[in-house]
Structures are given as C-alpha cells and as structure tokens.
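# Descriptive analysis of the structure
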Amino acid sequence: MFRLCRRQHEEKFLSSFRKLGLDDLPDAFACARYHVLSNRMGGVTVEYVDESDTKAWVRFRYPRWMFDGPAICGVPVEASQGFLRGWYAQNGVSLENPRLGFVCVSEDMTGQFGLCGYFREYDHDLSEDERLQFAPDEAPPPYDPAQQPVPSASEWNTARLAKANRNYAVEYIRNGVRELVNVLGQKRALELAKLAARLTGLQQYRHIAEAVGGPAEAARFLTGMFAGMGDAVVSEGDHGGGQAVLHHHGLRIVRGLDGEERSNLLACWTELWRGAVHSCRAFMDVAVTETADGLDWTITPKGAA
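Predicted model, so just to flag it, every value in this text is computed and none were measured. (Residues numbered from 1 in each chain as written. Predicted model: local features only at pLDDT ≥ 70, side-chain atom pairs only at ≥ 80, totals over all residues. Heavy atoms only, no water.)

## A word on the sheet that holds strand 4 (residues 116-121)
Strand order in the open sheet formed by five strands is 1-2-4-3-5, with mixed pairing between adjacent strands. Sheet topology places strand 1 (46-52) and strand 5 (132-134) at the edges, where each strand pairs with a single neighbour. Taken over all neighbouring pairs, the strand axes of this sheet differ in orientation by 25 degrees on average, direction set aside. Bridging between strand 3 (residues 100-106) and strand 5 involves three bridges; their strand directions are parallel. Among the inter-strand pairings, Val103 is bridged to a residue of strand 5, identified as Gln133. Most of the contacts of helix 2 (residues 27-41) go to strand 1, to which it runs at about 170 degrees, and overall it touches strand 1, strand 2 (55-60), strand 3 and strand 4. (Pairing = 2+ DSSP bridges. Helix = DSSP H or I, 4+ residues; strand = E, 2+ residues; numbered from the N terminus. Axes fitted to C-alpha atoms, helices over the stretch in contact; angles between N-to-C directions. Contact = heavy atoms within 4.5 Å.)

Below you can see the structure in the form of structure tokens.
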C-alpha cells in the first residue's frame, strides 16, 4: 500500500492539485480540499473542516470505497498506515513546504470512527518521521456543510466528472498490479491478482448489470462496459444463442504501458471480465486473444461445438 500510494502520489498529486484550482490557498487548506475533492470525484465520501489558518481536517465516511462490506474485516491496519505514509506524509515534500505534515486521529481498521486527521503547517521544519503523526485522543471540529468544497462547474462538467470517477479506480488497478509485481515477484503477484480479479468479477457482476441469459447478452454487457472505458468495440457472430465475438480496440486500461507491465495488467484485466461472465446463470466459456491493436473476446455456450 505504501508503494502503491507513493506511485499514485508522484504521478497524480501535483498535476491534479493544479487542475482543482488550489494553488493560491494556504498549503494545509489546499491539501485537505484536494483530498476531499479528488476522492469525492472517485466516489469516496470525504468531509472537510478548516480549524485555523494552518490546520484543516479530512474525515472519510463509511463505507470505505474498495473496503465496502465485510472486506474491511480482512484488511490489516498496516495497509491504512501504508496509504498515509505513501501519500499524506509526502504532500509537504511535493509542495516544497518542509513544515507541512499530517496528523491521524482515527483509523478504519481499529474500530474508531473512520479515517480522519488534519493537515497542519508547523512553525519548524519536520523530520521524515514527523511528517505523519498519530493523536488518537483528538477529535475533529463539528461538521459544517457550508465549508464543503465543490469543483468549479465551468471546469468540471458532468462528462468530465464521470471520466474522473472512472479513472480514479482505473489508476489504482494499473498501479496496484505494477507494485504488487515489484513486491512479490511476477509469478506470485499474477497468481494473486488474477484470482482477485476473477473473484471481483464474479462477486460484483450483479451490482453492475442485470442477469444475462446467454452469449448475446454477455456480449452486450461487455460492449457497454468497454465503451464506458472509452474503448472501441465491434461485435459480430450469432446472437441467437450461439457464439459471440467482440473485437476490442484502444484499451484505456493499458494506455501508455508496454512490455511486461502491459502483459501483466492485461492478464488480470481479462480475468475480471471472465469472472463477470461466469457469474451468469447460463454457463459460458470466454476465450481472449491478443491482437495487434487490442483483444478479441469469444463467448461460447458451455458444451457448444
């Protein structure tokens, strides 16, 4: 989690910081508002309170996004702390403000009231160990709806917000697989990531689509999901109960990647959608072939010739 969030921070923080129009605010305010705005765009509920000119709070609300449901029970507290060390403790470094740090007062995995803390600008330079501190006896000021930041309507229309919501999750997947390989090695990382992807597809399918009855419906489901990624999909074949084929081009998920990193991510990405199709009541086989400019998906009823 530390490596994942540090990579996310280095790739996204400063560029997104400026896109959100936060450059002219005091650093503590700007950082807190950044995390509220960027997380909300990704579908994560976060609240903001400023307490003084040098101190501003963020409070994440339950359910915690990718830890929704009982998943949170299996996440160790070190994962949450890796997130804080990887990103929040680095904000002052990235902004070239050595006096800026983050103080965590509540954590998700400890049964408190959710991830919560404040950015504070001190009157002295902080050591590396001081950039992230813990103060579990402190509590945030009362919630004030009037203080909640909102993105500029002129800069962030509905379509752009929808893309930001999608890309928020996509970047976690892209960087998560890359860093898992760096930590565990390719063989073990892919073994775990492919299984997790397939299980996610199996488990979450009913949340994102109604039950499908055969290859034609499965093909329409995948076409809609890939189109939502901004990809191009051409469908062909017998949609009356026989084989369906999708020619899938311009894959957003691996944009800018090549070589082993691209192959690793595609191996996991295809398992996600294979799991979704296998969650259907009708039993189907899903074959995926890599082409020069994308993927071909072939969906066949189980047992068909």
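## A few points about the pairing of strand 9 (residues 294-301)
Strand 9 sits mainly inside the fold: seven of its eight residues count as buried. Taken together, the six bridges between strand 7 (residues 244-249) and strand 9 define a ladder with antiparallel strand orientation. The residue of strand 9 that forms the bridge with His248 is Leu295. Counting the residues in the hairpin turn of strand 8 (residues 284-291) and strand 9 gives two residues. (Buried < 20%, exposed > 50% of the residue type's maximum accessible area, 1.4 Å probe, protein only.)

## Remarks on the nonpolar core
Nonpolar side chains in soluble globular proteins tend to end up buried together. In this structure, Phe83, Leu84, Tyr88, Phe102 and Phe119 are the most contacted members of the largest nonpolar core, which totals 37 residues. Contributions of two or more residues to this core are made by helix 1 (2-19), helix 2, strand 1, strand 2, helix 3 (77-86), strand 3 and helix 5 (158-184). Ranked by the residues each element gives to this core, the list is headed by helix 2, at nine residues. With residues up to four places along the chain from it excluded, the contact list for Phe83 reads Met1, Cys5, Phe60, Tyr88, Leu115 and Tyr172. Core analysis: the second largest hydrophobic core is formed by 33 residues, Phe226, Val254, Leu257 and Leu295 among them. (Core = buried A, V, L, I, M, F, W, Y, C linked by side-chain atoms within 4.5 Å.)

## Comments concerning the environment of Asp296
Take Asp296: it is sitting in strand 9. A relative accessible area of 18% places Asp296 in the buried class. In sequence terms Asp296 and Val233 are 63 residues apart; their C-alpha atoms lie 9.5 Å from each other. Setting aside anything within four residues of it in sequence, one finds Asp296 in contact with Leu246, His247, His248, Ala287, Val288, Thr289 and Thr291.

## Observations concerning the packing of aromatic side chains
Using the criterion set out here, one finds 18 aromatic pairs in the structure. An angle of 80 degrees between the planes, with centres 5.0 Å apart, marks the rings of Phe13 and Tyr34 as edge-to-face. With Phe13 in helix 1 and Tyr34 in helix 2, the pair connects residues that are 21 residues apart, well separated along the chain. Residue classification places Phe13 among the buried residues on the basis of a relative accessible area of 0%. Ring centres 4.7 Å apart and planes at 90 degrees place the aromatic pair Tyr88 and Phe102 in the edge-to-face group. You can see Tyr88 sitting in the loop between helix 3 and helix 4 (91-94) and its partner Phe102 sitting in strand 3, a full 14 residues away along the chain. Relative accessible area serves as the criterion here: at 1%, Phe102 is assigned to the buried category. A cation sits over an aromatic face here: Arg160 above Trp156, 3.7 Å from the ring centre. (Phe/Tyr/Trp six-rings, centres within 6.5 Å; stacked < 30°, edge-to-face > 60°. Lys NZ or Arg CZ within 6 Å of the ring centre and 35° of its normal.)

## With respect to a nonpolar patch on the surface
Taken together, the side chains of Val183, Leu184 and Leu192 define a hydrophobic patch exposed on the protein surface, amounting to about 240 Å² of accessible area. If you trace the backbone, Leu192 turns up in helix 6 (residues 186-208). (Patch = residues over 30% accessible without salt bridge, like charges linked within 9 Å, V, L, I, M, F, W, Y side chains within 5 Å. Areas by Shrake-Rupley, 256 points an atom, 1.4 Å probe, with all protein chains shown as cover. Salt bridge = Lys/Arg side-chain N within 4 Å of Asp/Glu carboxyl O.)

## Structural notes on the environment of Ala162
You can see Ala162 is positioned in helix 5. Classification of Ala162 by relative accessible area gives partly exposed; the value is 47%. For the pair Ala162 and Val177, spaced 15 residues apart in the sequence, the C-alpha separation amounts to 24 Å.

## Some remarks on the pairing of strand 3
Across the seven residues that make up strand 3, a large majority, seven, are buried. Where strand 3 meets strand 4, six bridges bridge the pair, whose relative direction is antiparallel. Bridge pairing in strand 4 links Val103 to Tyr118.

## Focus on the pattern of salt bridges
Scanning all chains against the criterion turns up 18 salt bridges. For Glu11, the salt bridge identified is with Arg7, shortest N-O distance 3.6 Å. With a gap of four residues between them, Glu11 and Arg7 both fall in helix 1, about one helical turn apart. Given the relative accessible area of 18%, Arg7 is considered buried.

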